[in-house]
Amino acid sequence: MKTLLRYTFLPLLIVVIIFIATCLISSSQIPGMPEGIPWDKLVHFGMFFVLSSVSLIGYYRLYNENPPTLRWIFWGFFIPVFYGGAIELLQKYFFASRSAEWADWIADILGSLVATVIVIIFFKKRRYSGKNISL
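The following paragraphs examine the structure supplied in this document. (Residues numbered from 1 in each chain as written. Predicted model: local features only at pLDDT ≥ 70, side-chain atom pairs only at ≥ 80, totals over all residues. Heavy atoms only, no water.)

Thoughts on the overall build of the protein
So, point 1. The number of helices and strands found in the protein is four helices and zero strands.
So, point 2. The buried share of the protein, taken over its 135 residues, is 33%.
So, point 3. Accessible area of the protein: about 9,100 Å², with a carbon and sulfur share of 72%. (Helix = DSSP H or I, 4+ residues; strand = E, 2+ residues; numbered from the N terminus. Buried < 20%, exposed > 50% of the residue type's maximum accessible area, 1.4 Å probe, protein only. Areas by Shrake-Rupley, 256 points an atom, 1.4 Å probe, with all protein chains shown as cover.)

Structure, rendered in structure tokens:
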């Protein structure tokens, strides 16, 4: 149990922070940003990039650097994507101070997808380069 908590604490903390930032803080409390860049979409992308990254890394370490690939992708990509969709539904139906947007969920999906690809490539290269080192 202690090992599981060790690798899930950070992803769960990020889940709580995302919930607070996207559901509990009113959009009127968010400072305005310069025009021309879709800042809110970049924030969604970044939040879910971080969530997927720490989930993938934690799951990788939980399974001693040899996770079952499909489960690894499920926990690191699909769960954050479902969570992003749930957040948008919560914003639409339960939090009147927030609004749901398809573009926000797409930004969440893209953040999770980019994180998944980068983390998997990083660990695959790391594993490959580690096996080819000889002394």
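Once you've had a look at it, read on.
Comments concerning the packing of helix H1 (residues 2-24) against helix H3 (residues 69-93)
So, point 1. Across the interface, H1 lies against H3 with an axial gap of 10 Å and an inter-helix angle of 30°. Compared by their axis directions, H1 and H3 come out roughly parallel. For the element pair H1 and H3, the recorded crossing hand is right-handed. Across from Val15, Ile18, Phe19, Thr22 and Cys23 in H1, the residues of H3 making contact are Tyr83, Ile87, Leu90 and Gln91. (Axes fitted to C-alpha atoms, helices over the stretch in contact; angles between N-to-C directions. Parallel < 35°, antiparallel > 145°, perpendicular 65-115°, else oblique. Left-handed = near helix turned anticlockwise from the far one by under 90°. Contact = heavy atoms within 4.5 Å.)

Focus: the nonpolar core
So, point 1. Listed in full, the 10 residues of the largest apolar core are Ile14, Ile18, Cys23, Met47, Phe48, Leu51, Val54, Tyr83, Ile87 and Phe95.
So, point 2. Elements with a minimum of two residues in this core: H1, helix H2 (39-62) and H3.
So, point 3. Once residues lying within four places of it in the same chain are set aside, the contact partners of Val54 are Leu10, Pro11 and Ile14.
So, point 4. Listed in part, the seven residues of the second largest apolar core include Tyr59, Trp72, Val119 and Phe123. (Core = buried A, V, L, I, M, F, W, Y, C linked by side-chain atoms within 4.5 Å.)

Examining the pattern of salt bridges
So, point 1. According to the stated counting rule, one finds four salt bridges in the structure shown.
So, point 2. Of the charged contacts in the structure, one is a salt bridge between Asp104 and Lys41, with a shortest N-O distance of 2.8 Å. Of the two residues, Asp104 is situated in helix H4 (residues 102-131) and Lys41 in helix H2; the sequence distance between them amounts to 63 residues.
So, point 3. Judged by its relative accessible area of 4%, Asp104 falls in the buried class.
So, point 4. Owing to a relative accessible area of 17%, Lys41 belongs among the buried residues under this scheme.
So, point 5. A single network of salt bridges, built from pairs that share partners, joins Asp40, Lys41, Glu101 and Asp104. (Salt bridge = Lys/Arg side-chain N within 4 Å of Asp/Glu carboxyl O.)

Looking at the side chain of Ser53
So, point 1. Mapped onto the elements, Ser53 comes out in helix H2.
So, point 2. Residues contacting Ser53, with those up to four places away along its chain left out, are Ala115 and Val119.

Description of the packing of aromatic side chains
So, point 1. According to the stated counting rule, one finds 12 aromatic pairs in the structure shown.
So, point 2. Measuring from ring centre to ring centre gives 4.8 Å for Tyr59 and Tyr63, while their planes differ by 40°; the resulting arrangement is tilted.
So, point 3. With 5.5 Å between their ring centres and 85° between their planes, Phe74 and Trp75 make a pair best called edge-to-face.
So, point 4. What makes Trp75 partly exposed here is its relative accessible area of 43%. (Phe/Tyr/Trp six-rings, centres within 6.5 Å; stacked < 30°, edge-to-face > 60°.)

Function cannot be read off these values alone, since they describe shape.
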